[in-house]
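Chain by chain, the residues run as shown.
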2 protein chains.
Amino acid sequence: MRRHTRVKDLLNSTNTLHEVNAKGWVRTFRNNQFIALNDGSTIHNIQCVVDFENTPEETLKRITTGAAVSVTGDLVESKGAGQKYEIQVRKLEILGDSDAEKFPMQPKKHSLEFLRENAHLRVRTNAFGAIMRVRSVLAFAVHHYFQQKGFVYVNTPIITGADAEGAGEMFQVTALPLDNLPKNEEGNIDYKKDFFGQHTNLTVSGQLEGETFAMALGQIYTFGPTFRAENSNTSRHLAEFWMIEPEVAFNNLDDNMDLAEDFIQYVIKYAMDHCADDLKFLEGRLLEEEKSKPQAERSEMALLEKLNFVLENNFKRVSYTEAIDILRDCTPNKKKKFQYLINEWGADLQSEHERYLVEKHFKSPVILFDYPANIKAFYMRLNEDGKTVRAMDILFPGIGEIVGGSQREERFDVLVEKMKALGIDEEELWWYLDTRKFGSAVHSGFGLGFERLVLFVTGMTNIRDVIAFPRTPQNADF
Amino acid sequence: MRRHTRVKDLLNSTNTLHEVNAKGWVRTFRNNQFIALNDGSTIHNIQCVVDFENTPEETLKRITTGAAVSVTGDLVESKGAGQKYEIQVRKLEILGDSDAEKFPMQPKKHSLEFLRENAHLRVRTNAFGAIMRVRSVLAFAVHHYFQQKGFVYVNTPIITGADAEGAGEMFQVTALPLDNLPKNEEGNIDYKKDFFGQHTNLTVSGQLEGETFAMALGQIYTFGPTFRAENSNTSRHLAEFWMIEPEVAFNNLDDNMDLAEDFIQYVIKYAMDHCADDLKFLEGRLLEEEKSKPQAERSEMALLEKLNFVLENNFKRVSYTEAIDILRDCTPNKKKKFQYLINEWGADLQSEHERYLVEKHFKSPVILFDYPANIKAFYMRLNEDGKTVRAMDILFPGIGEIVGGSQREERFDVLVEKMKALGIDEEELWWYLDTRKFGSAVHSGFGLGFERLVLFVTGMTNIRDVIAFPRTPQNADF
């Protein structure tokens, strides 16, 4: 038999067609006659009209939600509302049954928690099908953006012996038998006997390795999984998440901000252009979800309006010092509504402060820059004032920090001094220091948490709902 | 100052230009006058002509191999051979020095082993710059191929509690303190106290999770890191490598072979179209390398010829049974030249056999299919003969197995029986079995080891040379 045609292509057909074949899963079956068939190619189902008078009762009974079927017939103009075409079924074949009593994805509303427990099946729902398609298109947009600009995609290592960056708690990787660990003469675990001959962890960031490549290839980006063993059971944290880390030789912090802003706007635009149907559905889903919330907690803008807003407005660039001034004088601070009150310059900003700046004060994405040196990482470029570093964080409404980046400290002596002060082992980062020894130059980069981007674009509120199989404390199922 | 222009864009300029700025690293500096400047955007250097009579001696001394410099001047037609344009330098700035005595990447031939030990700097050589650019473009081609066909990119989990697939030895992931492991009442390690509340490993394949998504979205692919804790110190194995795994609902094994062949040809063509300069350089490198080999061991075709050959010829499709007949009767088998002699049907094929079929007998990529069930994985579709499964391996000259795939066993009862026979825990794979319970259908997929593809396209011979920072036994540096 010739190949089947995707539902998306059938629905987008410019004319009726004789003898088409579609394969997919039954979403609903109405009146013993109308199958809503979905094959994952689009959020839309195709209506397949079964000739119930000439179809055995036994077969009709097997057309249940979740069943896989093959339908053959003509693509004709639909008399029903809501679709241009439908299939007049001439031949119907049940490929795989689905016991209506047992199939968990019934055509009704399920809680997101229930769906998470069925992550292998939730993608058969409208919402999760849409989310996963949007996520996929966003991932492609990331590659497309960088490749067209001549960036080189680099796969930095996942397993690493370098654990000096200190970006967060790390997972250990080992091939040693945990119930029979080899010991050395001092009675310590003998990692020389481990697979890599040393203690190894899962990466928290590919930045340091990425920098070495940027100092050769000019413009690079990574896009891979990163890991944090932090016991944060929040709606914004995953133990395993995908991160995008561009790094560009000769870029200063302003260039870095320009790149990040242009990049984010590009990928959002790309998703809007390529996932219009899915985003429209997700906008409706969000409106529905928010109906149960008090008015004050609902979004001020609908999903597409919010995305358009980000495209059409420049991100507000604000120095940390300005931000502290704004926060110190703002009403929630004066009325002691913040959990952490802002009293003086040097305070680390909490989520509540970031949200105030973005959602209440500026009502726009914000780029904060020039943070105090002592609340930021060792590799950030020290400003001439001697107390701030060329760091930037991009804050998004509803999401908080979506990007963290900096101009890197390119001066060997300054970098070594900083490492010494923080007790970071120079020996271990000999290769990183080499970039400052041989042809060092100004360079900058940032990290964007991919799931936070997907969260923003899809309008979902829990990060566990925008990755296929979320890894969180106490959960590594599937 | 306005931004610098990439070397690639300067060399591709269609006319001379007044006042350009280039930034990059000095590859060589000849006659106190000619800088060969590279910025990683292309394999080619741009010649920068320094006005040495009007440049301080002190500055000229600092123009050393590896130094980062900024040059400003006019882009003029070059009088020298080998380049169309050069920069007449008006202003030269040393951005970062490079001590000529200490910089490891001298402009001379280094051993590949030495370069591996300096993986953070080897990318500043012509060969590794080219390899990493080709790798990046191949990665993009992978995404481009699948996205334009409507496949959904899925990030299957890296850390997994499921270890039932048995595709190879796994690395364990833990956040427990190894020197103070918690024990349960039976005196065993209490994984309930670990981060995920269970024993977890690094994934060896995203296939099983991918299948659950294919049975909802129709066509999906993964592209992410996978891990094998196998102590194989060979030129073809890495402990951490990137794998591409498409999975397609309603595809049978023939469709699967068509997809794999079309896909491989597409990405190779894409690299040839987009990396012509780099591949030309790598072809020359390979020819040079092979000069030291005896004639019999040299490639029969030059690199580009070999790539074209793969594009222009269909992969030879041969059943396992046919292959055994060929091997049993071939000269090396009869003359006992094989290490493992082929005597009867059912033997597992070794690398020597695969190479004979591909390189000597068919002289073309080969797809072997319908393997004996007992040498293949549990999830492969049993043929009607009851003894072979719908498996396929694609074998490439010089590389061996580049793709392994199969039509999956879609029948619940047959699958469960097979799992029972192999002692695979049904409880643990409940979610995988759900795909066969609810709307099961014929489906197929394959896995392609990305580094093997890069190896083939770049003509390199050791897999450690086509990934940024290779992970192998006793090596997790950087």
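Residues numbered from 1 in each chain as written. Chains lettered and ligands numbered in written order. Predicted model: local features only at pLDDT ≥ 70, side-chain atom pairs only at ≥ 80, totals over all residues. Heavy atoms only, no water.

**A closer look at the pairing of strand β10 (residues 219-227) of chain A**
Residues and elements named next belong to chain A. We apply this condition: Only protein chains enter the accessibility calculation, which uses a 1.4 Å probe. A residue is then buried if its area is under 20% of the maximum for its type, exposed if over 50%, and partly exposed in between. In this description a helix means any DSSP run of H or I spanning at least four residues, a strand means any run of E spanning at least two, and both kinds are numbered starting from the N terminus. Two strands form a pair only when DSSP identifies at least two bridges running between them.
Along β10, 9 of the 9 residues are buried, which leaves the element largely enclosed by surrounding structure. Examined bridge by bridge, strand β6 (residues 152-153) and β10 share 2 bridges and lie parallel to one another. The residue bridging Val 152 from the neighbouring strand is Ile 220, located in β10. Strand direction decides the pairing type here: β10 and strand β11 (residues 240-249), joined by 9 bridges, are antiparallel. What sits directly across from Ile 220, in β11, is Glu 247.

**Some thoughts on the side chain of Thr 203 of chain B**
Residue and element names in this part refer to chain B. Just so we agree on the cut-off: Whenever a nitrogen or oxygen atom comes within 3.5 Å of another N or O atom, the pair is scored as a polar contact, on the condition that within protein one atom can donate a hydrogen and the other can accept it, and that pairs from neighbouring residues in sequence are kept only if both atoms are in side chains. Here a residue-residue contact requires only that any non-hydrogen atoms of the pair lie within 4.5 Å.
Of note, Thr 203 is situated in the loop between β9 (200-202) and α5 (207-217). Engagement of the side chain of Thr 203 in a polar contact is seen with the backbone oxygen of Ser 205, the distance being 2.8 Å. Here Thr 203 is in contact with Pro 157, Ile 158, Thr 160, Pro 225, Thr 226 and Phe 227, once residues within four sequence places are set aside.

**A word on the domain arrangement of chain A**
Residue and element names in this part refer to chain A. This is how the line gets drawn: Reported domain spans reflect what an automatic or database domain assignment gives. Two parts lose some accessible area (1.4 Å probe) when they are put together, and adding that loss for both gives the buried area. By definition, a salt bridge exists where a carboxyl oxygen of Asp or Glu is found within 4 Å of a side-chain nitrogen of Lys or Arg. Three classes are used, and their members are as follows: Ala, Val, Leu, Ile, Met, Phe, Trp, Tyr, Cys and Pro are nonpolar, Asp, Glu, Lys and Arg are charged, and the others, Gly among them, are polar.
Its domain assignment divides chain A into domain 1 (7-103) and domain 2 (124-169 + 204-465). Each of domain 1 and domain 2 has a C-alpha centre, and the two are 44 Å apart. The interface is formed by 9 residues belonging to domain 1 together with 8 residues belonging to domain 2. The contact between domain 1 and domain 2 buries some 650 Å² in all, and 44% of this surface belongs to carbon and sulfur atoms. The three residues of domain 1 that bury the most area against domain 2 are Arg 27, Ile 43 and Phe 103, which together make up 66% of that side's buried surface. Viewed at the interface, domain 2 and domain 1 are joined by 0 salt bridges. For the pair domain 1 and domain 2, the number of links is 4 residue pairs in polar contact (both at pLDDT 80 or more). A per-class count over the side of domain 1 that touches domain 2 returns 3 nonpolar, 5 polar and 1 charged.

**Describing helix α13 (residues 430-437) of chain B**
All names here are of chain B. α13 sits mainly inside the fold: 6 of its 8 residues count as buried. Residues of α13 that are buried: Trp 431, Tyr 432, Leu 433, Asp 434, Thr 435 and Arg 436. Here the buried face of α13 lies against α5, α12 (412-422) and β16 (443-449). Within two residues after α13, Gly 439 carries a phi angle of roughly 65 degrees, on the positive side.

**Regarding the interface of chain B and chain A**
Taken together, the contact pairs 113 residues of chain B with 113 residues of chain A. It is Phe 195, Phe 250 and Phe 438 of chain B that lose the most area in chain B upon contact with chain A, and together they represent 9% of the buried surface on that side. Inspection of the region where chain B meets chain A yields 2 salt bridges. Arg 3 of chain A is the partner of Asp 255 of chain B in a salt bridge, and the nearest nitrogen-oxygen pair spans 3.4 Å. A breakdown of the residues in the side of chain B that touches chain A according to their chemical character gives 53 nonpolar, 36 polar and 24 charged. Relative to strand β8 (residues 172-174) of chain B, strand β8 (residues 172-174) of chain A runs antiparallel, the two being bridged by 3 bridges. Within the sheet, the bridge partner assigned to Gln 172 of chain A lies in β8 of chain B and is Thr 174 of chain B.

**Notes on the relation of the copies chain B and chain A**
Using the following cut-off: A least-squares fit on C-alpha atoms brings the copies together, and the residues used are those whose pLDDT is at least 70 in both copies.
Overlaying chain B with chain A gives an RMSD of 0.0 Å, the required rotation being 180 degrees about an axis along which the chain moves by 0.0 Å. What we have between these two chains is a two-fold relation. Taking the C-alpha atom as reference, chain B places Val 173 of chain B closest to the rotation axis, 2.4 Å from it. Of all interface residues in chain B, 100% are interface residues in chain A too; the two copies therefore contact each other through one and the same surface.

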